[in-house]
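Residues per chain, in single letters:
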Amino acid sequence: MTVSPSPSPAPKRAATAPAGTRRLVRTLYASAFCDEFVLLYPVYALLFSDTGLSVWQTTSLFALWSLTGVLLEVPSGAWADAVSRRLLLILGPLLTAAGFALWVLVPSYGAFALGFLLWGAGGALGSGALEALVYDELDRAGAADRYARVMGRARAIGIAATMSAMGLAGPVFAWGGYDAVGAASVLACLTAAAVATRFPEHRTPSSDGERWSASLRAGLADARADRSVRGALLLVPAVTAVWGALDEYTPLLARDTGVASETVPWLLLLIWAGATAGSLLAGAAERLTTHGFAALLTGSALALALGGLAGTPAALVLVALAFGGFQLATVLADARLQQRIDDTGRATLTSVAGLGTELGNLAAYGAYAAAATAWGHGTAFALSAVPYVLTALLLAGAVRAAAAAAGARRRSRRSRA
C-alpha cells in the first residue's frame, strides 16, 4: 500500500472558497456535536443490567449492533452514491432516535435488540455519505485541500461532545433517571437530523434509474483498476480498527493502575484529550510523506506499548499520546482515500473502507479478550501495538520498492537513449 500524498487539487474558484465552504463547515461542526452528545452512552449498559439482562444477553446485543453495521455499511454507501447523500444524513439520526426511544419506553431484550438494529442502520447510513458530501462540496468550492483540517476539527468536536455528555449524564440521571437521559438523547438525535437538512449538496443524483447496486459495482471496479485506490482502502482499516476497539477497554486499563474508581473518569478525559489534539493537528500534518506517516505509526505504537506495560497512572500520558497519533493517522488516511477516488463512487468506496474497519474491530475485540484474559489489560494494550508496527514496515517497504522501480525505469530510458 502507498500513502504518498496526491498533488494538491488546483483551486477551481479560490476567490469564492471561503464563502462557498462557510455553511458546509458550520453545519458539519454542529452535526458532529449533536451526533455524539448522547447522554445514554455512559449508562446504557446499566440500563440493560437493571432491566435484568445477563452479561451474555448484553454481549449478544453488542454483537447484533456490530453485525448490523457490517451488513449495511457497503450497501448504504452505494445508496448514498445513487441518491442524495444529505437525505441519508437526515434519516440516520431519525432511526437512532427511534431506537433510543424504544429503550426507555419499553425496556426489554426485544426492544434493546430492535434499538441496536435501528442504531446500527442509522450509523451505516451516515458512514461514507458524510465524508463523500464534505469532500465533494469542498472540491466544488476549490478547497479540497482543506478536507483533512476540516474533518480533523469535526472529529475533535465530536470527542468533546462525548466528553460533555459523560459529564452531564450523572447529574441528569440523578434528577430524572433513565427517562431523562433517554429523552435528552432522543432530542440530540432529532437535533442532528434537523442540522443535517442544512448541509449544502450541489451534486445531482442519477436520474436515469440507476440502482444502488450499479453504484456499488462501479465503485468496486474503480478499486480493482487503480492500485493506489486499493492501497488507500486497505490503509484506513489498518490504521483505524485496532485503536477504535481499544477505546472500549481504556476504563479497565485505568482501573488496573490502582486508582480509585472515581478517579477513572479523569484519566479517561486525559486519554481523550490526546485524541482531540491529534484531530486538531490534521491540517498541519496533511502533507506528511509516507516515511513520516510510518514514523507516526511507529512512535504511537511505541507509546501505546510503554504506556500499557508501565501500569501506573502517570504512564497513561503515553496512552494519550498514542491515541492522539492514531487519531491523526485516521484523519490523514481518510483524507488520502478521498483524494484518490472520484465523486461518482466516493460514498461507496468510503463505506468499503468502513466495512474493513468494522471487521477489524471484531477481530481486535477477540484478540484483546484472549490477551487480557491470559496476561492482563496492560499486556493486551502493548500487544495491540504490533499491527501498527507491521503497517509501518509495509509502508516503508512500499516506498523502497517504488523508489527502486522508478530508478530502474530511469536507467532503462538512459540505456535506450
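The notes below deal with the structure included here. This one's a predicted model, so the numbers in the text were calculated from it and none came from an experiment. The numbering scheme is per chain: residues are counted from 1 as the chain's sequence reads. Only residues with pLDDT of at least 70 are given local features in this predicted model, and only at 80 or more are side-chain atom pairs given and counted; all residues enter the totals for whole chains, interfaces and linings. Side-chain figures throughout are based on the complete set of non-hydrogen atoms in the structure, without hydrogens or water.

The next point concerns the overall build of the protein chain. Secondary structure counts use DSSP, requiring at least four H or I residues in a row for a helix and at least two E residues in a row for a strand, with both numbered from the N terminus. Secondary structure summary: the protein chain contains 16 helices and zero strands in total. Relative accessibility under 20% of the residue-type maximum defines a buried residue, over 50% an exposed one, and the middle range a partly exposed one, all with a 1.4 Å probe and only protein chains included. The burial tally for the protein chain puts 48% of its 417 residues in the buried class. Sequence separation of at least 24 residues holds for 85% of the intrachain contacts in the protein chain that already meet a minimum separation of 6. Only the protein chains shown count as cover for residues, with accessible areas throughout obtained via the Shrake-Rupley method and a probe of 1.4 Å. For the protein chain, the accessible area works out to roughly 18400 Å², and carbon and sulfur atoms hold 66% of it. Pairs of residues are marked as contacts when any of their non-hydrogen atoms sit within 4.5 Å.

Given the number of residues in a helix, its expected span is that number minus one, multiplied by 1.5 Å. Taking 1.5 Å of rise per residue, 21 residues should cover 30 Å, and helix α4 (residues 85–105) covers 31 Å from first to last C-alpha, within 8% of that figure. Those residues of α4 that fall on the buried side of the exposure criterion are Arg85, Leu88, Leu89, Gly92, Pro93, Thr96, Ala97, Gly99, Phe100, Trp103 and Val104. Counted as a polar contact is a pair of N or O atoms within 3.5 Å, where, for protein atoms, one must be capable of donating a hydrogen and the other of accepting one, and residues adjacent in sequence contribute only when both atoms are in side chains. Between the side-chain oxygen at the start of α4 and the backbone nitrogen of arginine 86 there is a gap of 3.3 Å, and the oxygen is on serine 84.

Attention now goes to helix α12 (residues 290–310). Relative to the 30 Å expected for 21 residues at 1.5 Å per residue, α12 spans 30 Å between its end C-alpha atoms, a close match to the ideal helical length. At the exit of α12 stands glycine 311, carrying a positive phi of roughly 70°.

Take the environment of aspartate 179 next. Along the chain, the position of aspartate 179 falls in helix α7 (residues 147–196). Taking the relative accessible area as the measure of exposure, aspartate 179 reaches 53% and is therefore exposed.

Residue placement: leucine 233 occurs in helix α9 (residues 227–246). C-alpha of leucine 233 to C-alpha of leucine 337: the two residues are 104 residues apart in sequence and 6.6 Å apart in space.

When a carboxyl oxygen of Asp or Glu lies within 4 Å of a side-chain nitrogen of Lys or Arg, that pair is called a salt bridge. A complete count under the given rule lists four salt bridges for this structure. Aspartate 81 is the partner of arginine 85 in a salt bridge, and the nearest nitrogen-oxygen pair spans 2.5 Å. According to the relative accessible area criterion, aspartate 81 is buried, its value standing at 3%. Measuring nitrogen to oxygen at the nearest pair gives 2.5 Å for the salt bridge that ties arginine 85 to aspartate 136. Taken together, the positions of arginine 85 in helix α4 and aspartate 136 in helix α6 (residues 129–140) put the pair 51 residues apart, joining distant regions of the chain. The exposure classification of arginine 85 matches that of aspartate 136, with both residues buried. A network of salt bridges, in which partner residues are shared, links Asp81, Arg85, Asp136 and Arg346.

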